[in-house]
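# Architecture and fold: a report
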Amino acid sequence: MAGIKALVGLSFSGAIGLTFLLLGCALEQYGVYWPLFVLIFYVLSPIPTFISRRLSDDTDSSSNACRELAYFITTGIVVSSFGLPIVLARTSTIQWGACGLVMTANAVIFLTIFGFFVVFGGGDDFSWEQW
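Computed from a predicted structure; not experimentally measured. (Residues numbered from 1 in each chain as written. Predicted model: local features only at pLDDT ≥ 70, side-chain atom pairs only at ≥ 80, totals over all residues. Heavy atoms only, no water.)

Right, let's get into the packing of aromatic side chains. A complete count under the given rule lists six aromatic pairs for this structure. Note on F50 and F117: the rings are 5.2 Å apart at their centroids and 50 degrees apart in plane angle, and the pair reads as tilted. Taken together, the residues F50 in helix α3 (residues 47-55) and F117 in helix α5 (residues 96-120) connect sequence positions 67 residues apart. The class of F50 is partly exposed, set by a relative accessible area of 26%. Under the relative-accessibility criterion, F117 is labelled buried at 13%. Here the aromatic rings of F116 and F117 are separated by 5.8 Å at their centres, their planes lie at 75 degrees, and the arrangement is edge-to-face. The class of F116 is partly exposed, set by a relative accessible area of 25%. (Phe/Tyr/Trp six-rings, centres within 6.5 Å; stacked < 30°, edge-to-face > 60°. Helix = DSSP H or I, 4+ residues; strand = E, 2+ residues; numbered from the N terminus. Buried < 20%, exposed > 50% of the residue type's maximum accessible area, 1.4 Å probe, protein only.)

This is the structure in structure tokens:
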């Protein structure tokens, strides 16, 4: 039952993050939908970790080159998603209030993705592979 509660909590926090993102785009004083391009980063961010967990062996070594590369690529994707709204705001494509809402959405969504890996990424009986 703890897995179902975690899944409901993660889906709720994901919905809150997407609400912040849509507020940053759709409020009348902002009215531009360029910040929605961060959705691409949301989709791309877990892919390197999924691939590295499939390809790397499950030894308990302190360092694994495949996993380290996946963490590096994931970090680049996350930093890019925080940088895109700042670049858009600096070029006056979006307003700074929309940039703040998108940055809040980024924080909530990436914490949700991290929570997904913490809850369902372990090798216990309740894994994300069951879904």
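Attention now goes to the UniProt feature "transmembrane region" (unreviewed entry) in the protein chain. Under the local residue numbering, the UniProt record ascribes the feature "transmembrane region" (unreviewed entry) to residues 6-25, 32-51, 71-89 and 101-121. Between the C-alpha atoms that bound residues 6-25 there is a distance of 29 Å. The span itself is 100% helix and 0% strand. Here residues 71-89 is 100% helix and 0% strand, with 28 Å between the C-alpha atoms at its ends. (UniProt positions renumbered as here; feature names shortened; annotations may be inferred.)

With phi around 60 degrees, S92 is a residue other than glycine that occupies positive phi space. Within the secondary structure layout, S92 lies in the loop between α4 (65-90) and α5. For S92, a relative accessible area of 63% gives the class exposed.

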